[in-house]
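What follows is the residue order along each chain.
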Amino acid sequence: TDKTVEVAIIPKSISYPSYSTYKGDIVIPEEVVYNDVTFDVIGIGDHAFSNSSITSVSIPNSVKYIGLGAFSYAYKFSNIDLPDNLTSIDAAAFRDTYITEITIPNSVTELGSTIFMSCPYLKSVVLPNGISEIKEDMFDGCKALETIQIPNSVTSIGSHAFMNTSNLKECVIPSGVTNIGNGCFYGSGVTAIIIPERVTQLGTSTFYNCRNLETVVMPQRLESLGKECFRNCSKLKSIIIPEGVTKIESYTFEYCLELTSVTLPSTLITIGNNAFSHCNKLTSLIIPIGV
């Protein structure tokens, strides 16, 4: 009744419902006519081009949303220009594609999880200014990603958001962020990190296997360090854990081979199993009386 339509998948067969048969260069029109009625094309539906052989796509300004897995596993597809009126991109929209760069317009306010998961050649991303959250696994496995600017509007970064981004050397976390999810930077290439003051806890494996991480600045409001939080950060040299932290979980600093200096807070009550195991260069440690 509202005279709108979306691009729908033409599946390969009943047995392969998410395998789209589109191929080559695709041009999406702004409107289509059916039974003498004109309809506006306002979206790209779920899995519309997933597992397809498309090589390029032209998207009109009439399109406002991109659905679940819309371009996922379309390996011949490498570049895209998004329209200025786009407002949302659903989960896994570009997962496992060979795109190399993308600019998301500022009109977009909602980004789903796993959007760019396992995009091995994605090197450059411009995120919109209005989003409040980077959801889980958004850039997981983007090994070519070198830099990213997180908008100041972001207050939460989900679990594994930057997991296995081995070429990501720099990432500035905005001051308004209050939550950093489990395994957020697991296996990333970051060399230094400043954790915003509003963050009160670091979860499990937040910086696990960040082999290039040398410097960490902790927030004064921090209360706990999760299990394996800095495990295998083999270049981390020193750490000051702020007053207020009461618990360091198991394996938190295990295999921090270059760690020589650790300052523990007087508020500390619990140190978990193997918290400093294999920290071979750590020659002294003052454990607070309340532990």
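Keep in mind that what you see is a predicted model, and the values were worked out from it rather than measured.

K.L.:
Sorry if this is basic, but what is going on with the pattern of salt bridges here?
P.N.:
With the rule as written, the count across this model stands at 7 salt bridges. Where Glu 254 meets Arg 231, a salt bridge forms, and the shortest distance between an N and an O atom there is 2.8 Å. Of this pair, Glu 254 sits in the loop between β21 (247-248) and β22 (261-263) while Arg 231 sits in the loop between β19 (224-225) and β20 (238-240), and the two are 23 residues apart along the sequence. A relative accessible area of 5% places Glu 254 in the buried class. Accessibility expressed as a relative area gives 17% for Arg 231, which makes it buried. Overlapping salt bridges bring together Glu 228, Arg 231 and Glu 254 as one network.

K.L.:
Is there a simple way to explain the nonpolar core in this structure?
P.N.:
Where a protein is soluble and globular, its nonpolar side chains tend to be buried together. Phe 71, Phe 94, Phe 116, Phe 139, Phe 230 and Phe 253 are the most contacted members of the largest nonpolar core, which totals 82 residues. Breaking this core down by element, the ones donating at least two residues are β4 (37-44) and β5 (53-58). Ignoring anything within four residues of it in the chain, the contact list for Phe 139 reads Phe 116, Leu 122, Val 125, Leu 127, Ile 134, Leu 145, Ile 148, Ala 161, Phe 162, Met 163 and Thr 165.

K.L.:
Could you clarify how one ought to interpret the packing of aromatic side chains in this entry?
P.N.:
Each aromatic ring pair is described using two quantities: the centre-to-centre distance and the angle formed by the ring planes. According to the stated counting rule, one finds 17 aromatic pairs in the structure shown. Look at Phe 49 and Phe 71: their rings are 5.2 Å apart centre to centre, the planes differ by 20°, and that puts the pair in the stacked class. Taken together, the positions of Phe 49 in the loop between β4 and β5 and Phe 71 in the loop between β6 (65-66) and β7 (88-89) put the pair 22 residues apart, joining distant regions of the chain. On the basis of relative accessible area, Phe 71 is assigned to the buried category, the value being 0%. Ring geometry for Phe 162 versus Phe 185: centroids 5.4 Å apart, planes at 10°, classification stacked. Separated by 23 residues along the polypeptide, Phe 162 in the loop between β13 (156-157) and β14 (170-172) and Phe 185 in the loop between β15 (179-180) and β16 (192-194) bring together distant segments of the chain. One Lys or Arg, Lys 12, reaches over the ring of Tyr 16 and ends 4.9 Å from the middle of that ring.

K.L.:
Quick question: what am I supposed to make of the sheet that holds strand β23 (residues 270-271) here?
P.N.:
Within a sheet, neighbouring strands are paired by backbone hydrogen bonds and run either parallel or antiparallel to one another. Pairing is parallel across the open sheet formed by 4 strands, whose spatial order is β17-β19-β21-β23. In the strand order of this sheet, the two ends are held by β17 (201-202) and β23, each with one partner.

K.L.:
I keep staring at a nonpolar patch on the surface and nothing clicks. Help me out?
P.N.:
Where nonpolar side chains cluster on the molecular surface, the patch consists of Tyr 75, Tyr 98 and Tyr 121 and spans about 320 Å² of accessible area. Inspection of the secondary structure assignment puts Tyr 121 in the loop between β9 (110-111) and β10 (124-126).

K.L.:
What should I look at first to understand the side chain of Ser 156 in this one?
P.N.:
Within the secondary structure, Ser 156 is located in strand β13. Within polar-contact distance, the side chain of Ser 156 engages the side chain of Asn 179 at 3.2 Å. Contact partners of Ser 156, with chain neighbours within four places excluded, come to Ser 132, Glu 133, Ile 134 and Asn 179.

K.L.:
For this particular structure, what's the right way to read the environment of Pro 242?
P.N.:
Relative to the elements of secondary structure, Pro 242 occurs in the loop between β20 and β21. The class of Pro 242 is buried, set by a relative accessible area of 5%. Once the C-alpha coordinates of Pro 242 and Val 291 are considered, the two residues, 49 residues apart in sequence, prove to be 15 Å apart. Beyond its immediate chain neighbours, meaning those up to four positions away, Pro 242 contacts Met 218, Pro 219, Gln 220, Leu 222 and Pro 265.

K.L.:
Just to check I follow, could you spell out the sheet that holds strand β12 (residues 147-149) for this structure?
P.N.:
Here 4 strands make up an open sheet; going across it, the order is β8-β10-β12-β14 and the pairing parallel. Looking at which strands have only one partner, the edges of the open sheet turn out to be β8 (101-103) and β14. Pairwise comparison of adjacent strand axes, ignoring direction, gives a mean angle of 5° for this sheet. As defined by bridge partners, β12 adjoins β14 across 3 bridges and the pair is classed as parallel. Counted as the bridge partner of Gln 149 is Val 172 from β14.

K.L.:
In this structure, what is going on with the state of the cysteines? I would like to understand it.
P.N.:
Put plainly, two cysteines are in a disulfide when a covalent bond ties their sulfur atoms together. For the structure on display, the rule yields 0 disulfides. Here Cys 142 is not disulfide-linked; the sulfur of Cys 119 is the nearest cysteine sulfur, at 5.1 Å.

K.L.:
Looking at this structure, how should I read the pairing of strand β3 (residues 31-34)?
P.N.:
Side-chain positions along a regular strand alternate between the two faces of the sheet. As defined by bridge partners, β3 adjoins β4 across 4 bridges and the pair is classed as antiparallel. Counterpart to Tyr 34 in the pairing with β4 is Val 37. Between the end of β3 and the start of β4, which pair antiparallel, lie 2 residues, with Asn 35 showing a positive phi angle near 50°.

Rules of the game
Residues numbered from 1 in each chain as written. Predicted model: local features only at pLDDT ≥ 70, side-chain atom pairs only at ≥ 80, totals over all residues. Heavy atoms only, no water. Salt bridge = Lys/Arg side-chain N within 4 Å of Asp/Glu carboxyl O. Helix = DSSP H or I, 4+ residues; strand = E, 2+ residues; numbered from the N terminus. Buried < 20%, exposed > 50% of the residue type's maximum accessible area, 1.4 Å probe, protein only. Core = buried A, V, L, I, M, F, W, Y, C linked by side-chain atoms within 4.5 Å. Contact = heavy atoms within 4.5 Å. Phe/Tyr/Trp six-rings, centres within 6.5 Å; stacked < 30°, edge-to-face > 60°. Lys NZ or Arg CZ within 6 Å of the ring centre and 35° of its normal. Pairing = 2+ DSSP bridges. Patch = residues over 30% accessible without salt bridge, like charges linked within 9 Å, V, L, I, M, F, W, Y side chains within 5 Å. Areas by Shrake-Rupley, 256 points an atom, 1.4 Å probe, with all protein chains shown as cover. Polar contact = N/O pair within 3.5 Å; in protein donor to acceptor, adjacent residues only side chain to side chain. Axes fitted to C-alpha atoms, helices over the stretch in contact; angles between N-to-C directions. Disulfide = S-S within 2.5 Å.

Interpretation in functional terms is not warranted from these geometric data alone.
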